[in-house]
Amino acid sequence: MFQKQEHVEVKKEIETVIGPSVRVEGNFRGDGNVIVEGVVNGSLKTNQNLKVGKDARISANVWAANANISGEVRGNIKIKDNLDLTSTARIYGDIETKILIVAPGAILHGKCAMVKEVPETPEEKEKKEKTKQKKDPKESVKKMLPKI
Amino acid sequence: MYYYIYDSFVGKKKYERTRAQIETRLTDLGISGRIGRLTILTNFKELVKNGMNKGAKTIVLVGNDETVSRALNSLADQKVTLGIIPIGDLSDNKIARILGIPPTKPACDILANRIIKKIDLGRINRNYFLCSAQLTANNLTIECGKKFSINALKSNNQINIYNLPLLAENQLPIKNLASTPLDGILEAVITPRFNPIVRLFKKTRPQQSLFPIKKITIHNDKKTSILLDGCKIVDTPAIVEVVPQKLKVIVGKERMF
């Protein structure tokens, strides 16, 4: 008889879902999480998380903060933090990410970069210093003299 | 000052007692005002103009979802606040439910509290809608400015564009289709329509696509009708856009946003 009206507040996260019945062409830019189950041609960019389903086909360069890929991507992938390639992932392009997880069965055909600069070995460091000394002998003498 | 516009169905004998209760309550709360009745000879545009000429700052619609939808074009571009007193079944008053306005007499107390929110409206080819727009089409193309386009791979698709949250049968919002009228965004949902006989043999449900949009253009091979808020009809090609914070509405504490 007495029906309490429930106070239901709808909280929202912006999310885009590209379903299996849809094809997106052009430069797609999403503000929130993006889930791809269909076809994307062009470029795909988001500030947040990207999930690519196992039947999805992307022919585009991809940028995202984190990504979980189970489908096909033909293009370069740049991920800010974590890139997770599941067993059905097929990547034909270069990838750049901080943390990479590759499941058995995933296909990756391209270059893989995980740091911006390749760190030097101790031998290379020494060689560099010697070349510097040869170029500027005064500097090397100054270094040898004790500080007063 | 308040101006009350009664829809034509509210004048029936069935609602006589409800009308009396509402009018008594409004008088008790000190917010009674002039009344305009929608008839064959009057329309919303004239009634709203009439109310504004008499100094009304708040126009209150006494009716259901269809009343609100038909009055929207007349109200959207005016500097008035909209109030609603819902009359009839719950299924005919989903907009009021989402805005947190209970039916009949308790709605008067909501009016008296005057919690006002500036909400977004959707607009399709100069026609405003508050809740949703719907069309069914083959070979559809949706263009999002010059950036990208969306094409449906299957032939028969239903497209729904939401400004308010979608309610399920239990009158609660559907989680995945949570839309709020305060965010400056509309949600476009594309659902492929399957042959019901084929669906019997396939266990999987048709998968929807969801796009948050601000402005899109819908093209189709043939002229297709778009249904706004369940009662107005507009044809393609159509430019669909959100008009942020367009309308001031009196809402209740139990609103869904």
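These numbers were taken from a predicted model, which means no experiment stands behind them.

A. Local environment of the overall build of chain B. Helix and strand content of chain B: six helices and 16 strands. Over its C-alpha trace chain B gives a radius of gyration of 20 Å, about what one expects of a compact globule, namely 18 Å for 257 residues. Each principal axis of the C-alpha atoms in chain B carries an extent, and together these give about 60 × 40 × 35 Å. Counting all 257 residues of chain B, 52% fall into the buried class.

B. Representation of the overall build of chain A within the structure. For chain A, the helix and strand inventory stands at two helices and 15 strands. Put simply, chain A has 148 residues, and 33% of those count as buried. Counting only contacts in chain A whose residues sit at least 6 apart along the sequence, the fraction spanning at least 24 positions is 1%.

C. Structural context of the pattern of salt bridges. If you walk through the whole model with that rule in mind, you get 10 salt bridges over all chains. Across the salt bridge formed by B:Glu241 and B:Arg123, the nearest N and O atoms sit 3.2 Å from each other. In this pair, B:Glu241 is assigned in strand 16 (residues 238-251) and B:Arg123 in strand 5 (residues 115-124), connecting sequence segments 118 residues apart. Relative accessible area serves as the criterion here: at 24%, B:Arg123 is assigned to the partly exposed category. Three or more residues are tied together by salt bridges with common partners; here these are A:Glu72, A:Arg74 and A:Arg90.

D. Spotlight on the packing of helix 2 (residues 44-53) of chain B against helix 3 (residues 65-76) of chain B. Residues and elements named next belong to chain B. Remark: helix 2 packs on helix 3, axes separated minimally by 9 Å, with the N-to-C direction vectors making an angle of 60 degrees. In terms of orientation, helix 2 lies oblique with respect to helix 3. Taken as a pair, helix 2 and helix 3 cross one another with a handedness that is right-handed. Where helix 2 abuts helix 3, its residues Phe-44, Lys-45 and Val-48 lie against Thr-67, Arg-70, Ala-71, Ser-74 and Leu-75. Split by residue class, the contact of helix 2 with helix 3 holds four nonpolar, two polar and two charged.

E. Region of interest: the confidence of the model for chain B. Looking at chain B as a whole, its pLDDT mean stands at 87, while 90% of the residues score no less than 70. Confidence metrics for the complex model read pTM 0.81 and ipTM 0.82.

F. Seen up close, a positive patch on the surface. Judged by side-chain charge, A:Arg29, A:Lys45, B:Lys147 and B:Lys214 come together as a positively charged surface patch. The topology assignment puts B:Lys214 in the loop between strand 12 (209-213) and strand 13 (215-219). B:Lys214 sits in the exposed class, given a relative accessible area of 56%.

G. Fine view of unusual backbone geometry. Residue and element names in this part refer to chain B. Along the chain, Thr-236 connects to Pro-237 via a cis peptide bond; the corresponding omega equals 0 degrees. Tracing the chain through its elements places Pro-237 in the loop between strand 15 (232-235) and strand 16. Despite not being glycine, Thr-104 has its phi angle at roughly 50 degrees, a positive value. Position of Thr-104 among the secondary structure elements: in the loop between helix 4 (94-98) and helix 5 (105-113). Among the residues examined, Thr-104 registers a relative accessible area of 23% and is labelled partly exposed. One non-glycine residue, Asn-125, lies in positive phi territory at about 50 degrees. For Asn-125, the location among the structural elements is in the loop between strand 5 and strand 6 (127-129).

H. Representation of the environment of B:Leu121 within the structure. All names here are of chain B. In this fold, Leu-121 is placed in strand 5. With 57 residues separating them along the chain, Leu-121 and Asn-64 place their C-alpha atoms 18 Å apart. Ignoring any residue separated from it by four or fewer positions in sequence, one finds Leu-121 in contact with Leu-72, Ala-76, Tyr-128, Phe-129, Leu-130, Asn-163, Glu-241, Val-242, Val-243, Lys-246 and Leu-247.

I. Structural detail: the interface of chain B and chain A. The interface is formed by 32 residues belonging to chain B together with 25 residues belonging to chain A. Both sides of the chain B and chain A interface together cover about 2400 Å² of buried area, and 57% of this is carbon and sulfur. For chain B, the biggest contributors to the area lost against chain A are B:Phe148, B:Leu153 and B:Glu254; these three give 21% of the whole. When residues of the side of chain B that touches chain A are traced back to their parent elements, those giving at least two are strand 9 (148-152), strand 11 (186-192) and strand 12 of chain B. When residues in the side of chain B that touches chain A are grouped by element, the largest group, five residues, is from strand 9 of chain B. The sheet contact formed by strand 2 (residues 22-30) of chain A and strand 9 of chain B spans five bridges and is antiparallel. Each residue of the ladder has a partner; that of A:Glu25, found in strand 9 of chain B, is B:Ser149.

J. Geometry of the packing of aromatic side chains. Scanning the model with the defined rule gives three aromatic pairs over all chains in all. Taking 6.3 Å as the distance between ring centres and 15 degrees as the angle between the ring planes, the aromatic pair formed by B:Tyr2 and B:Tyr4 counts as stacked. Taking the relative accessible area as the measure of exposure, B:Tyr2 reaches 10% and is therefore buried. Above the ring of A:Trp63, the side-chain terminus of A:Lys45 is found at 5.4 Å from the ring centroid.

Quick notes on the rules
- Residues numbered from 1 in each chain as written.
- Chains lettered and ligands numbered in written order.
- Predicted model: local features only at pLDDT ≥ 70, side-chain atom pairs only at ≥ 80, totals over all residues.
- Heavy atoms only, no water.
- Helix = DSSP H or I, 4+ residues; strand = E, 2+ residues; numbered from the N terminus.
- Rg over C-alpha atoms; globule rule 2.2 N^0.38 Å.
- Buried < 20%, exposed > 50% of the residue type's maximum accessible area, 1.4 Å probe, protein only.
- Contact = heavy atoms within 4.5 Å.
- Salt bridge = Lys/Arg side-chain N within 4 Å of Asp/Glu carboxyl O.
- Axes fitted to C-alpha atoms, helices over the stretch in contact; angles between N-to-C directions.
- Parallel < 35°, antiparallel > 145°, perpendicular 65-115°, else oblique.
- Left-handed = near helix turned anticlockwise from the far one by under 90°.
- Nonpolar A, V, L, I, M, F, W, Y, C, P; charged D, E, K, R; others polar.
- pLDDT = per-residue confidence, 0-100.
- Patch = residues over 30% accessible without salt bridge, like charges linked within 9 Å, V, L, I, M, F, W, Y side chains within 5 Å.
- Areas by Shrake-Rupley, 256 points an atom, 1.4 Å probe, with all protein chains shown as cover.
- Lys, Arg positive; Asp, Glu negative; His and termini not counted.
- Charge placed at Lys NZ, Arg CZ, Asp CG, Glu CD.
- Buried area = accessible area lost by both parts, 1.4 Å probe.
- Pairing = 2+ DSSP bridges.
- Phe/Tyr/Trp six-rings, centres within 6.5 Å; stacked < 30°, edge-to-face > 60°.
- Lys NZ or Arg CZ within 6 Å of the ring centre and 35° of its normal.

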